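Here are the chains, one letter per residue:
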Amino acid sequence: MTRRNDPKGPGKPLSALSAAVRTAVMTGIAISPGAAIAQEAIDLSKWSPEYVRAIAGTAKFDTAAECAKTVPLDYTGRVSVWYTGPADAEPEITKKFDKEFWEAFQATYPNIKLEAQSIVYNDLLDKLRTSLLGNAGPMVVRLQILGGVEFAAKGYLEPLKPEDVGYTTAEFWPGALKSVTYDGATYGIPTNNETMGFIYNAKIFADAGLDPEKAPATWDDVVAYSKQIKDKLGIAGYGLVAKQNAGNTPFRFMPQLWAYGGAALDENLDAPTLKSVGLNSPGSKAALQASYDMYVRDQSVPVSALTNTQAENQSPFIAGQLAMMIAHPAEYAKMVDLAGKATGKDKEVADEVVANMRYGLIPAGPDRRAVVFGGSNIHIVKGEYVEGGMDEMAAKALICFWTSPEWSTKLAWVGSNPGNLRGFQTEWMKERLDTIKFLDVTTSMLPSGIPFPAIAEAPEIMNIIIPDMLQNALTGKMTVDEAAEDAAAKVEALLSGL
Amino acid sequence: MAVTSDPASGSLRRDDGLLRRIVAHRADYAYVLPALVVMMVVIAYPIWFTIDMSFYKTPASLQLRDRTFVGWKNYETILTAPAFWSVTLNTVIWTLASTFFAFLLGLGAALSLHREFAGRAVLRAILLIPYVISAVAASYLWKWLYHSDFGVIGALSVQWGFTDKPINFLDNIHTALPSLIVVNIWREFSFAMIMLMAGLQTVPEQLLRAAQVDGANAWQRFWHVTAPHLKGVSMVTVLLLMVANFNSFIVPYLMTGGGPAGASDIWITHIYQIAFGRQNWGLASAYSVILFIVMMCLGYFYVQALTRGDKGRPE
């Protein structure tokens, strides 16, 4: 670990070397072992698994020195923060880094009183809504990528951009910054970003007569492969997820929709207005038709897709009864874990599945290759809604620390990627690539990432209207055309304020 | 209102003036005052707040304090939406079918267990399991039993040759609601059984024997002796089941979330989705007010059933 806390504590004289190092970092120069070299800028146009590997471990950063530029290390104050910390079931390394983060922050800013509260994912938004109504919110809150928009729209958040905590906008993914931009202003900083990958079972591919080392290149391939697997082996091909009011559904359907040239609004454009509705476009209908073909025409996906979340796909996949699915990079670790718990013949099957597990890029469509740009952002709540009042400097110190190359990498260890692009240059990123299988594949999907529309109505569109559209078409309640038109009409009504 | 008192007892009667009755019972009212205050805070205020909120538009992009008054618009939106009528139909089917069959099964179980036989206590305990098991656990258990690809019921039906592929219980718009109703009946019949078993204790044994001596067969003894004695407890049981079923949330929400395509959406799950999924508090409040009115009507009949025979009783 290279986080360099001043052993003498804040306010004490620094050693000459330490002072020099900090000055170098503060002036935008990365520290390389032995010598200070000019930091090579990350070129997003070169992004690929090879590029990600090439830049990993090429630079070192001093978190304390970078944050000292914004908030002196001897600053005295108080900061309250809500976030979703590691759950019991998460890997030990996630819990370890979470613990170390808080210890490191306290060691770096010993005079800032820290009040951190971990709140489970499903409760955080509701708890924040309720507390803000009673002016009892925290100073800082980290929310999932789409969570902050609602609060920005309602005027609960302070404008906050990377420059406010000593970084630059260029250090973060443009897609991630779109997710914290509301009405032209930036209301947060990305802490971590992730994109999912396409997972398949190579043995099932081989048994079905498909190339076991080649993931489907297009969504049309997925439809065809799924049918071939079902016809030849009698098991489900693609793990379609179409449950109502479930975030898993849009995370898996939107890449397909965008690939065919569709959109919920116009979020797939470089400069979206988020005012026009795209759910009834030919591209959206083509994507919906592809899902209909798999579920109704070919019956090549699980019948239970309408009540399934991704969690329900894990069991059939590890049992060798499902060939393909979209999931996080952490899915491999989950499968290894499930295989470890299996016994007898089940264990043999599970071990074989793990050995034959492959990751590929999310398939492309006629229009593009796309994936949902996921992750989390950190925000500052307006003082009038904070319990006990706001301490802006303490809040900024914490955010600087959290979004630093070091901690944005460590805190995203298993399932995500650093929000700060310089995190990809750290030694920890190199270690992650060496130890987490398929991380380079999912990481290389980042440039294809599209964030959900950054409007307050987005959760309703993504979690309710789009799953409803899928269900209306897949159950035969409506035709594909009718379902798409119905969904578009609902979005239009929503945007017009009806 | 004329003030009258019972000359024999000197106590106040129901047709005495309200104020006079309150004054006469001031000590009683003082005792219940703390509870009344607490209820005002935790029940009356939220009800008032919900009614008030139902007249406002609360878009996701505005804070609640910035809500805009829209009069009866939310009620108009609800009553003119096709979803309202399909959800209402689902709610009525869900409530009536669950209540009727749970009561019927409960009555059958109560009558069976009322007689002495070996192992009665064990059987009674077994039949109580559905009632004491957590609704969340039961929902997940049944979800896996019903699972359209890997469910136990589907697998057995294929294995025993009833069907050539697993039955699609929860992912079909025609079977989802009936499947949930079966789970609900399974959960609730024990409650009806307990209530009716208690009611059966009140049926005078000598009347049943007399009817038997008079040549009444089993059905006649049940219909002419047992059933009239169970009338009161049956009414209470049915009303309690109906209230519980109108307010059902856990089973439909966890098993289908109201899907597929709204096929198992009932009022409570629909209101939950509008409030917490869509953040449309105004519309959800209007829905809740409608549900509240329906529940108050049911509550009225419940109280009537409970206080039947109280009228002639002196206070």
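Here is what the cut-offs are and how they apply
Residues numbered from 1 in each chain as written. Chains lettered and ligands numbered in written order. Predicted model: local features only at pLDDT ≥ 70, side-chain atom pairs only at ≥ 80, totals over all residues. Heavy atoms only, no water. Contact = heavy atoms within 4.5 Å. Buried area = accessible area lost by both parts, 1.4 Å probe. Salt bridge = Lys/Arg side-chain N within 4 Å of Asp/Glu carboxyl O. 1 Å grid on protein atoms, 1.4 Å probe; cavity = no way out; pocket = protein on both sides within 12 Å on 5 of 7 lines; lining within 4 Å. Points joined across faces, edges and corners; volume = space filled by probe spheres on them. Helix = DSSP H or I, 4+ residues; strand = E, 2+ residues; numbered from the N terminus. Nonpolar A, V, L, I, M, F, W, Y, C, P; charged D, E, K, R; others polar. Pairing = 2+ DSSP bridges. Axes fitted to C-alpha atoms, helices over the stretch in contact; angles between N-to-C directions. Core = buried A, V, L, I, M, F, W, Y, C linked by side-chain atoms within 4.5 Å. Buried < 20%, exposed > 50% of the residue type's maximum accessible area, 1.4 Å probe, protein only. Expected span 1.5 Å × (residues − 1). Domains from an automatic or database assignment. Polar contact = N/O pair within 3.5 Å; in protein donor to acceptor, adjacent residues only side chain to side chain. pLDDT = per-residue confidence, 0-100. Parallel < 35°, antiparallel > 145°, perpendicular 65-115°, else oblique. Left-handed = near helix turned anticlockwise from the far one by under 90°. Disulfide = S-S within 2.5 Å.

**Notes on the interface of chain B and chain A**
Reasoning step 1: Every contact between the two is made by 32 residues of chain B and, on the other side, 35 residues of chain A.
Reasoning step 2: Contact with chain A buries surface across chain B, with Gln63(B), Asp171(B) and Ala261(B) losing the most and accounting together for 21% of the total.
Reasoning step 3: One can count one salt bridge joining chain B with chain A.
Reasoning step 4: Of the charged contacts, one joins Arg278(B) and Glu460(A) as a salt bridge, the two residues approaching to 2.8 Å between their closest N and O atoms.

**Some remarks on empty space enclosed by the protein**
Residue and element names in this part refer to chain A.
Reasoning step 1: Counted according to the given criterion, the structure contains five cavities of 30 Å³ or more.
Reasoning step 2: Estimates place the volume of the largest cavity at around 50 Å³.
Reasoning step 3: If you trace the largest cavity, you find it lined by Gly148, Val149, Ala152, Leu157, Ser179, Val180, Thr181, Tyr182, Tyr187, His379 and Ala454.
Reasoning step 4: Looking at which element gives the most residues to the lining of the largest cavity, the answer is helix H6 (residues 147–153), with three residues.
Reasoning step 5: Considered class by class, the residues forming the lining of the largest cavity number seven nonpolar, four polar and no charged.

**Considering the sheet that holds strand S12 (residues 357–360) of chain A**
Pairing between the strands of a sheet comes from backbone hydrogen bonds, and it takes one of two forms, parallel or antiparallel.
All names here are of chain A.
Reasoning step 1: Taken in spatial order, the four strands of this open sheet run S10-S11-S9-S12, and their pairing is mixed. Two strands close off the open sheet at either side, each with one partner strand: strand S10 (236–238) and S12. Averaged over all adjacent pairs, the angle separating strand axes in this sheet is 25°, with direction ignored.
Reasoning step 2: One ladder, built from two bridges, connects S10 with strand S11 (residues 322–327); its direction is parallel. Residue pairing for S11: Tyr238 is matched across the bridge by Met324.

**With respect to the nonpolar core**
Residue and element names in this part refer to chain A.
Reasoning step 1: Residues Val79, Phe105, Val140, Leu398 and Phe424 are the most contacted members of the largest nonpolar core, which totals 70 residues.
Reasoning step 2: Looking at this core element by element, the count peaks at eight residues for helix H15 (residues 392–402).
Reasoning step 3: When neighbours within four sequence positions are excluded, Phe105 is seen to be in contact with Val79, Ile112, Leu114, Ala397, Leu398 and Phe401.
Reasoning step 4: Residues Ile204, Val223, Ala242 and Ile465 belong to the second largest nonpolar core, which totals 68 residues.

**Looking at helix H14 (residues 344–355) of chain A**
Reasoning step 1: Helix length check: H14(A) (twelve residues) gives 17 Å between terminal C-alpha atoms against 16 Å at 1.5 Å per residue, within 8%.
Reasoning step 2: On its buried face, H14(A) sits against strand S9 (197–201), helix H12 (311–318), helix H13 (331–341) and S12 of chain A.

**A look at the environment of Leu240(A)**
Residue and element names in this part refer to chain A.
Reasoning step 1: Following the sequence through the fold, Leu240 ends up in the loop between S10 and helix H10 (248–259).
Reasoning step 2: Overall, Leu240 belongs to the buried group, its relative accessible area being 3%.
Reasoning step 3: Once you skip the residues sitting within four places of it in the chain, Leu240 turns out to touch Ser291, Tyr295, Val301, Pro302, Ala305, Asn313 and Leu474.

**Regarding the side chain of Thr403(A)**
Residue and element names in this part refer to chain A.
Reasoning step 1: Its place among the elements puts Thr403 in the loop between H15 and helix H16 (405–410).
Reasoning step 2: Taking relative accessible area as the criterion, Thr403 reaches 0% and is therefore assigned buried.
Reasoning step 3: Ignoring any residue separated from it by four or fewer positions in sequence, one finds Thr403 in contact with Val165, Tyr167, Phe172, Ile189, Pro190, Thr191, Ile378, Ser408 and Asn420.

**Comments concerning the domain arrangement of chain A**
All names here are of chain A.
Reasoning step 1: For chain A, the assigned domains are domain 1 (16–195 + 373–450) and domain 2 (197–368 + 457–495).
Reasoning step 2: Once you take the C-alpha centre of each, domain 1 and domain 2 turn out to be 30 Å apart.
Reasoning step 3: The partner domain 2 presents 21 residues to the 16 residues of domain 1 that form the contact.
Reasoning step 4: Taking both partners together, domain 1 and domain 2 bury about 1,600 Å²; carbon and sulfur atoms supply 74% of that area.
Reasoning step 5: Looking at the side of domain 1 facing domain 2, the largest losses of area belong to Phe438, Met445 and Ile450, adding up to 37% of the total buried there.
Reasoning step 6: Applying the counting criterion to the domain 1 and domain 2 interface returns zero salt bridges.
Reasoning step 7: Scanning the region where domain 1 abuts domain 2 turns up one residue pair in polar contact (both at pLDDT 80 or more).
Reasoning step 8: Looking at which element gives the most residues to the side of domain 1 that touches domain 2, the answer is helix H18 (residues 439–443), with three residues.
Reasoning step 9: A per-class count over the side of domain 1 that touches domain 2 returns seven nonpolar, six polar and three charged.

**Here's the deal with the confidence of the model for chain B**
Reasoning step 1: Confidence in the prediction for chain B averages 87 pLDDT; 92% of positions are at 70 or higher.
Reasoning step 2: Throughout residues 1–10 of chain B the model reports pLDDT below 50, and contacts reaching past four residues in sequence, or to other chains, amount to 16 contacts.

**A look at the packing of helix H4 (residues 82–114) of chain B against helix H8 (residues 176–200) of chain B**
Residues and elements named next belong to chain B.
Reasoning step 1: Packing of H4 against H8 leaves a shortest axis separation of 6 Å and a crossing angle of 40°. Considered as vectors, H4 and H8 are oriented oblique to each other. H4 and H8 meet at a crossing whose hand is right-handed.
Reasoning step 2: A per-class count over the contact of H4 with H8 returns 22 nonpolar, five polar and one charged.

**A look at the side chain of Arg422(A)**
Reasoning step 1: Checked against the element boundaries, Arg422(A) lands in the loop between strand S15 (417–418) and helix H17 (427–435).
Reasoning step 2: Here Glu66(A) takes part through its side chain, which lies 2.8 Å from a polar atom of the side chain of Arg422(A).

**Let's talk about the state of the cysteines**
Residue and element names in this part refer to chain A.
Reasoning step 1: The full count for this structure, using the stated rule, is one disulfide over all chains.
Reasoning step 2: Cys67 shares a disulfide with Cys400; S-S distance 2.3 Å. Judged by the sign of its S-S torsion, about -100°, the bond between Cys67 and Cys400 is left-handed. Placement of Cys67 in helix H3 (residues 63–68) and of Cys400 in helix H15 is noted, with a sequence separation of 333 residues between them. As far as burial versus exposure is concerned, Cys67 and Cys400 are alike and both buried.

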